[in-house]
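Residue-level structural notes
The chain contents come next:
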Amino acid sequence: MADNMNSTPNPATGTASGSSSSASSGTKLHPLVEFQFDRSWQDELQARLSKNGPWDDWTLYKLAVEAQEAEAIGSFDEMQCLRTLPELEPMPHQLSTAGKVVHEMGGRAILADEVGLGKTIEAGLVLKEYMVRGLVRKALILVPASLVLQWVRELNQKFGIAAVAQKKAHMWHYDVVVASIDTAKRDPHRDLLLNSDFDLLIIDEAHKLKNKKTTNYQFVTQLRKKYCLLLTATPVQNNLDELYNLINLLKPGQLGGQSEFAANFVVDKRMPKNEEQLHEALSTVMIRNRRGDGGIHFTKRIVKNIPIALSPEEMALYNGVTGFVKEQYDRSGGDLTSMLSLVTLQREVCSSRDAVFLTLVNLFKKTAEDSPLRPKIWELVDTIKQITSNTKAEKALELIRQMNEKVILFTEYRATQEYLLQFFRSHDLVAVPYRGGMNRGKKDWMMDLFRGRAQVLIATEAGGEGINLQFCHHMINFDLPWNPMRVEQRIGRVHRLGQTEDVKIYNLCTMGTIEEYIVNLLHEKINLFELVIGELDHILERFEEKEAPLEKQIAKMMLEASGDSELKNRIDELGNTIGQLRNPKAKSPSSKQKSQAEIGAFLNRVSHEVEVRP
Amino acid sequence: MNQKQVHRYLQQYLEATNCHVIEKSPAHFTVKLSPEADRILTNRPYYWSFVDRTGAEPETMSFLFVTDKEKYDAQANQDPGSEPSQTTTTAPAATAQTAGQMNNQVNQALARSYGIVPTQVLAMNRIPRDDVHFGSKRLKQLFAAAQDQGSYVYLFQEPDSRSRNPFDSTPYTPWLGINVKVEFQCDRKREELYSFGVSMATGNCVEQFHQQLNSLKMTPRLPANVHIAPAGISLKKAVQTVEAALERKLKAQSYEWAEEAQKRLEEEQGIVRHYYDKLLSSAAEEQKEAIQSQYDSRKGEIDWQFRPRVTASAINCGIFHLAGIG
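First, a word on scope: everything that follows refers to the structure included in this document. Fair warning: this is a prediction, and the values are worked out from it, not measured in the lab.

Let's talk about the packing of aromatic side chains
Geometrically, a pair of aromatic rings is defined through the distance of the ring centres and the angle of the planes. All names here are of chain A. Scanning the entire structure with this criterion turns up 26 aromatic pairs over all chains. Between Phe35 and Phe37, the ring centres sit 6.3 Å apart and the planes meet at 50 degrees, which makes this aromatic pair tilted. Judged by its relative accessible area of 0%, Phe35 is buried. Exposure remark for Phe37: the relative accessible area of 1% places this residue in the buried category.

Thoughts on the sheet that holds strand E3 (residues 62-66) of chain B
Residue and element names in this part refer to chain B. Spatially, the 4 strands line up as an open sheet ordered E1-E2-E3-E4, and their pairing is mixed. The open sheet has two edge strands, strand E1 (20-25) and strand E4 (129-131), and neither has a second partner. The mean angle between the axes of side-by-side strands here comes to 20 degrees, regardless of whether they run parallel or antiparallel. As judged from the 5 bridges shared by E1 and strand E2 (residues 28-32), these two strands associate in the antiparallel manner. Its bridge partner being in E2, Ser25 is matched across the sheet by His28. On top of the sheet, helix H1 (residues 3-16) reaches E1, E2 and E3; it is set at about 15 degrees to E2, its chief contact.

Details of the interface of chain A and chain B
Counting from both sides, the interface comprises 84 residues of chain A and, opposite them, 84 residues of chain B. For the pair chain A and chain B, the summed buried area comes to about 7900 Å², and 62% of that belongs to carbon and sulfur atoms. Inspection of the region where chain A meets chain B yields 7 salt bridges. Salt-bridge contacts for B:Arg188 lead to A:Asp77; the nearest nitrogen and oxygen are separated by 2.3 Å. Linking chain A with chain B are 25 residue pairs in polar contact (both at pLDDT 80 or more), by the criterion used here. Sort the elements by how many residues they give to the side of chain A that touches chain B and helix H2 (residues 58-71) of chain A lands first, with 14 residues. Tallied by class, the residues present in the side of chain A that touches chain B amount to 35 nonpolar, 24 polar and 25 charged.

Considering the pairing of strand E6 (residues 170-185) of chain B
All names here are of chain B. Among the 16 residues that make up E6, 14 are buried, leaving the element largely enclosed by the rest of the structure. Strand direction decides the pairing type here: E6 and strand E10 (residues 226-228), joined by 3 bridges, are parallel. Looking across to E10, one finds that Thr170 is bridged to Val226. Where E6 lies against strand E11 (residues 309-323), 14 bridges are found, and the strand directions are antiparallel. Looking at E11, one finds that Trp175 is bridged to Phe320. Alignment of E6 against strand E7 (residues 189-199), held across 11 bridges, turns out to be antiparallel. Following the sheet pairing, Leu176 is matched in E7 by Val198. Connecting E6 to the antiparallel partner E7 that follows it, the hairpin turn spans 3 residues.

Definitions and cut-offs
- Residues numbered from 1 in each chain as written.
- Chains lettered and ligands numbered in written order.
- Predicted model: local features only at pLDDT ≥ 70, side-chain atom pairs only at ≥ 80, totals over all residues.
- Heavy atoms only, no water.
- Phe/Tyr/Trp six-rings, centres within 6.5 Å; stacked < 30°, edge-to-face > 60°.
- Buried < 20%, exposed > 50% of the residue type's maximum accessible area, 1.4 Å probe, protein only.
- Pairing = 2+ DSSP bridges.
- Helix = DSSP H or I, 4+ residues; strand = E, 2+ residues; numbered from the N terminus.
- Axes fitted to C-alpha atoms, helices over the stretch in contact; angles between N-to-C directions.
- Contact = heavy atoms within 4.5 Å.
- Buried area = accessible area lost by both parts, 1.4 Å probe.
- Salt bridge = Lys/Arg side-chain N within 4 Å of Asp/Glu carboxyl O.
- Polar contact = N/O pair within 3.5 Å; in protein donor to acceptor, adjacent residues only side chain to side chain.
- Nonpolar A, V, L, I, M, F, W, Y, C, P; charged D, E, K, R; others polar.

What follows is the structure, encoded as structure tokens:
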């Protein structure tokens, strides 16, 4: 029997697809409303009558009706999708946003929530609602390449939507496809997509489309779509034209022509005028939620630095490596780029001897046989041999035993990970590894083990999709990355929406080494561990506008400093600079900062405050 | 659909497709599928084409369907080691278990001498679990299966056996029964279900026909001592009667929603017209074509998005022979 539930009228002809005119009646129920009755069932019934069967089962006949009754959409207004998603508990602002998009905005909207408020959830709810109602069958989701898999997983797991990541050309024909925009706009995909009709188009990180001259922008303009969602946390970054372009992508002409928009709403590039009218116009196409000032945002982060005194042997290795690194740097005449492996060495020495050993061996292999370096490297290897125990690992073991709860332990190095796995195992502590190179299945398996009987997860990778560890609220930084974003990613695995406990963060910090300064920088100066989610982005963005990336600067300081106290002072200075960036208002603002503050204030005025509770 | 309804639905489906329920509780079913259900539910076309071509004895899959996750997990936790709801374990399952244990011992003995022996035991012990709730993939699959295999019926009402005189012949009337889904759609959507029955003897048309049938017992075979009233109207005529009745009902509805949708549609078209007319008037000649095509495409999108329309389709239908003259 023809199931017309998902039939999508073809925009070109404006008639319902699937049923030819001979098989349906077309009459008017109302001057505006055409009525189609699919008649294919009549022929089938007649055919079976004349052939005397085959006939279907009475129970199944009744069950078919019961199924339709259960799935029938009783009202235009009520959200239908939640009853099909018993596991999902969206937050109130996410629900109201999805409802508003579907019921008031006709399914075309810019979702511009602040970072961390769940734009993906809102978009998922809208998609699911339309699918449940049979208004969307074919959906295309364009996102940055790095987010493709994350989207696929979220849609599958949270929303029960069979989304696929586009990998082969034939996969475009699946109903819900997630792809990167850079792939989609290239041949041969481009023509195929431009010749399709999409019931819903979703674009994540849509601020990348702020320039209407780019090929991406033009490509999206040309895609045929019924409903459309643009997701971005920053609908305006530098000037109001960006906002205009974004809206024109969604609904061409909504704010008039470019010149009208400029005349009606813009004083200079950044200052809006006739704000009230602009707000009104915006509210029909954009929803922005931001955290309320009074709400409890997340559970607390409790940070504890665990000072560790190295054993004399370990200290000897540290000093040996430090001396070696500096000597090489001086000899190279201050060339930073060739020093990468040396910097790594310096960082590894704070983690474990195993990590250092591996790098030293590789370095040894790379140097010429008669190089004067070789004996020096051997000397270091000899020093390693003197070390019998790992003070840090012992401290970590002690900590974990005390907690007696699930712990995630992060290290930067594979070798350290391997060592810790063995070390913990030899002390009857069940630990499982997790790293970026594992395939999806293995990652899932490790997660299941961790959820189950393993007390400890030892991870080398914090980024990437799929590790949501809200059930665990202890984390140990066995060593610290020098890039604060990576630290933030680590914390974000555990400290996120859905975490109900305060998160306890332990930083293992070897005294008298560079690690001590790094912990000090990240903790005391940047106050990294207590920042609101998303805030670090802004700080680093401001910082790196003028300066080299933070980890590079630290490396440079380390290599150049003549002694410990100089290093300490320089890192302190760096910390102070960043500390000031946290409060740009305190300084006399530059014109750029001023304009951003203006745009920020403008955005705040068009947004709704929401209380976000874990 | 709440958990209880899902549970009942599943049970009816399993019974209708002759699946073997190994054990059950109000929170779950453990079931060995019948061949017909296996073909539809397990997505193993290669296996089934192998069976069909070689004539091999099919080995169907078993499933644990959990309809009340919380209750089932609570039971399982209370009762570690053994499966929940042993209480309702039926006899065949118990024998299967002891047989399984024996098998196990045999296999262990064999394994000692010959190494690992591949057996069915693994497959028997590992039954995939499936949580079935409204919105779950499995239930959607069952819905689709019911729709697919419950489309066209030809049935007779089962006579009430007690109060019948064996020498009497009861008159039966054939009815055309049809269930219809009506979709009211613009950028939003609502649905209504209708059920009509038309007497093929008199052309009399009734509503809520399915609800009326629901309480009756039906059989695919012609009962004894029954005579069927001759058809007074053709199927075509009956169908026309249904269509007319449906249209009459639909015309009587309020179409405020459609008027509002039309208003939105015209507003949007107005905005687009204003924008593109200006753009076209100031554009260079060589750009005009591209702008015009964008304009047309956008107009098409708006129409697609907002235009109010109503469509109807049959869910299923059949000929029902009911006692009495209708």
